[in-house]
Amino acid sequence: MDGTREYGMRKISSHCSIPDIDDFDLSRLLDKPRLNTERQRSFDERSLSELSIGLPRGGLDHPEHTYSPGGRSGFDTPASSARNSFEPHPMVAEAWDALRRSLVYFRGQPVGTIAAYDHASEEVLNYDQVFVRDFVPSALAFLMNGEPEIVKNFLLKTLQLQGWEKRIDRFKLGEGAMPASFKVLHDEARKTDTIVADFGESAIGRVAPVDSGFWWIILLRAYTKSTGDATLAERPECQKGMRLILSLCLSEGFDTFPTLLCADGCSMIDRRMGIYGYPIEIQSLFFMSLRSALAMLKPDAEGKEFIERIVKRLHALSFHMRSYFWLDFQQLNDIYRYKTEEYSHTAVNKFNVIPDSIPEWVFDFMPTRGGYFIGNVSPARMDFRWFVLGNCVAILSSLATPEQSVAIMDLIEARWEELVGEMPLKICYPAIENHEWRIVTGCDPKNTRWSYHNGGSWPVLLWLLTAACIKTGRPQIARRAIDLAESRMLKDGWPEYYDGKLGRYVGKQARKFQTWSIAGYLVAKMMLEDPSHLGMISLEEDRQMKPMIKRSSSWTC
């Protein structure tokens with residue numbers, strides 16, 4: 001694959017019918033007619049039920065339904081047929097050029113995209129490597145454009161790396177751990193290529209990534225849904241790879257919670273930000289990967305045990321998250337009136353949260369109508385910060401109920417200036433500063449207030465917001481955010497992140513031509529133009545996991 005401007009490349013002419021891979025006793029997609037994606041109708045004219053991705057019984061997985069991504073992206077659609085839809089923005093062609101320049105080849109085959117193509121930066125660090133989490137939006141862009149081979153190569157190559165023996169100093173990591181990143185080394189003299197993987201032994205803080213394995217499973221499902229080809233997921237090595245990842249996160253321990261205990265810096269927020277314990281990002285990805293694995297694991301002798309364990313964990317995890325991580329006006333008022341030192345199973349304040357520990361900002365931040373999953377819940381401590389990735393993934397995975405999903409969108413609209421500002425999208429809100437910053441981040445100079453992970457604005461998150469908006473029938477929110485990105489991103493050189501309370505300034509250490517900023521924009525544009533693309537990354541609610549939760553005032557319409 002060269003870097004030519006062939007935006008409608010390698011269309012897929014035929015697809016295998018997809019088995020009911022999402023139907024292991026847990027999930028059935030909504031029984032609605034398939035979304036009409038005719039481009040003559042504007043998105044604003046469509047009903048909520050249409051934009052919530054209505055699909056036939058069994059959804060995209062039903063044998064009667066075939067999904068052809070090739071040619072659906074709209075980049076090769078004549079302008080005359082795009083009335084009331086999207087004229088290709090000049091940024092689109094530039095973005096595809098930049099994305100193709102970032103491709104990494106191993107023995108002549110593309111296996112991923114580097115993190116950033118910034119030649120102006122003096123420090124390369126690990127930005128010339130292929131990151132598992134960073135490649136996800138690139139992979140989705142290629143899938144939506146009918147180029148699945150790149151994604152297939154990546155999935156198989158990272159699977160091979162998973163099989164390596166992983167040692168940091170004298171300690172051996174779990175067999176199922178996936179690398180954070182890998183680098184391809186080309187030896188021109190010997191005409192050989194070798195790969196060097198990083199499982200955390202070279203990372204800042206030496207923290208192994210927890211999210212890499214989850215993203216790998218989610219991407220494997222996206223590949224299967226997009227191509228209609230289940231043979232890759234059915235390969236023995238892919239089945240084993242999923243089981244190894246699951247064996248790590250489903251292992252028994254001393255936990256009394258179904259959430260996954262993990263270290264600070266193990267996810268996209270890869271520096272210390274006080275998220276040790278049960279951060280929302282990891283829990284949402286954990287939930288989504290469990291549901292994705294459930295759809296792809298074979299119910300054979302080896303897979304059956306994992307399927308049973310997943311089903312039990314999903315029921316417990318969904319109840320726990322929806323009950324204890326959810327915050328809206330009513331719930332905040334209840335916590336404000338909590339009694340402490342409650343003993344026995346009848347306790348209301350189960351985590352012994354002291355009401356005085358509620359930060360002042362959250363009372364003004366919380367709208368009367370709206371809500372969100374807070375950052376963390378652990379004994380005597382609630383992290384009330386807003387984290388966008390965890391909340392958007394909660395919507396896409398249906399960890400959030402339909403009512404909670406709508407409430408999250410209500411919050412984004414009500415607090416647009418704080419969460420979006422002039423450049424989408426705040427990774428977390430609010431920033432921590434002064435003495436708290438010194439304690440929590442260890443005086444990290446990169447994570448000063450309203451910068452990088454500490455309240456910085458990350459354009460890559462645009463694709464997650466867009467997907468959540470489409471699923472909840474609120475495409476106008478995504479369109480507004482995309483308009484903001486298009487006003488500056490190309491001119492600014494596709495930065496990694498923006499700084500400032502409103503996201504007004506290019507990040508002080510942000511790399512230019514950051515690949516996931518580029519890919520995130522492309523994925524957002526393609527999904528908004530053709531919402532059926534959402535099927536590869538979204539899971540509908542499983543009726544069997546609906547909890548008995550008291551409806552709060554913010555969920556009523």
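Above this text sits the structure in question.
Residues numbered from 1 in each chain as written. Predicted model: local features only at pLDDT ≥ 70, side-chain atom pairs only at ≥ 80, totals over all residues. Heavy atoms only, no water.

Engineer: Can you explain the environment of K183? Please cite residues and give values.
Structural biologist: Counting through the fold element by element, K183 comes out in strand β6 (residues 181–187). You can call K183 partly exposed: its relative accessible area is 29%. With 52 residues separating them along the chain, K183 and F131 place their C-alpha atoms 8.9 Å apart. Excluding residues within four positions of it along the chain, K183 makes contact with D128, Q129, T194, I195 and V196. A polar contact of 2.9 Å, which involves the side chain of K183, links it to the side chain of D128. (Helix = DSSP H or I, 4+ residues; strand = E, 2+ residues; numbered from the N terminus. Buried < 20%, exposed > 50% of the residue type's maximum accessible area, 1.4 Å probe, protein only. Contact = heavy atoms within 4.5 Å. Polar contact = N/O pair within 3.5 Å; in protein donor to acceptor, adjacent residues only side chain to side chain.)

Engineer: Before we move on, could you go through the packing of aromatic side chains and cite the residues and values that matter?
Structural biologist: Here the distance between the centres and the angle between the planes together describe a pair of aromatic rings. For the coordinates displayed, the defined rule picks out 21 aromatic pairs. With a centroid separation of 6.3 Å and an interplanar angle of 90 degrees, the aromatic rings of F319 and Y324 are classed as edge-to-face. Geometrically, the ring pair formed by Y452 and W458 is tilted, given 5.4 Å between the ring centres and 45 degrees between the ring planes. Taken together, the ring pairs in this structure connect W361, F365, Y372, W386, Y429 and W450 into an aromatic cluster. Here the basic side chain of R480 rests over the ring of W416, its NZ or CZ set 4.1 Å away from the ring centre. In this structure, R511 packs its charged tip against the face of Y127, placed 4.3 Å from the ring centre. (Phe/Tyr/Trp six-rings, centres within 6.5 Å; stacked < 30°, edge-to-face > 60°. Lys NZ or Arg CZ within 6 Å of the ring centre and 35° of its normal.)

Engineer: Report on the sheet that holds strand β11 (residues 428–429), specifying residues and quantitative values.
Structural biologist: Read across the sheet, four strands follow the order β8-β9-β10-β11 without closing on themselves; strand pairing throughout is antiparallel. Only two strands of the sheet have a single partner each, and these edge strands are β8 (326–328) and β11. With two bridges joining them, strand β10 (residues 381–387) and β11 adopt antiparallel strand pairing. Among the inter-strand pairings, W386 is bridged to a residue of β11, identified as Y429. Against the sheet, helix α9 (residues 301–325) touches β8, β9 (371–378) and β10, its axis set at about 105 degrees to β9. (Pairing = 2+ DSSP bridges. Axes fitted to C-alpha atoms, helices over the stretch in contact; angles between N-to-C directions.)

By themselves these figures say nothing about function.
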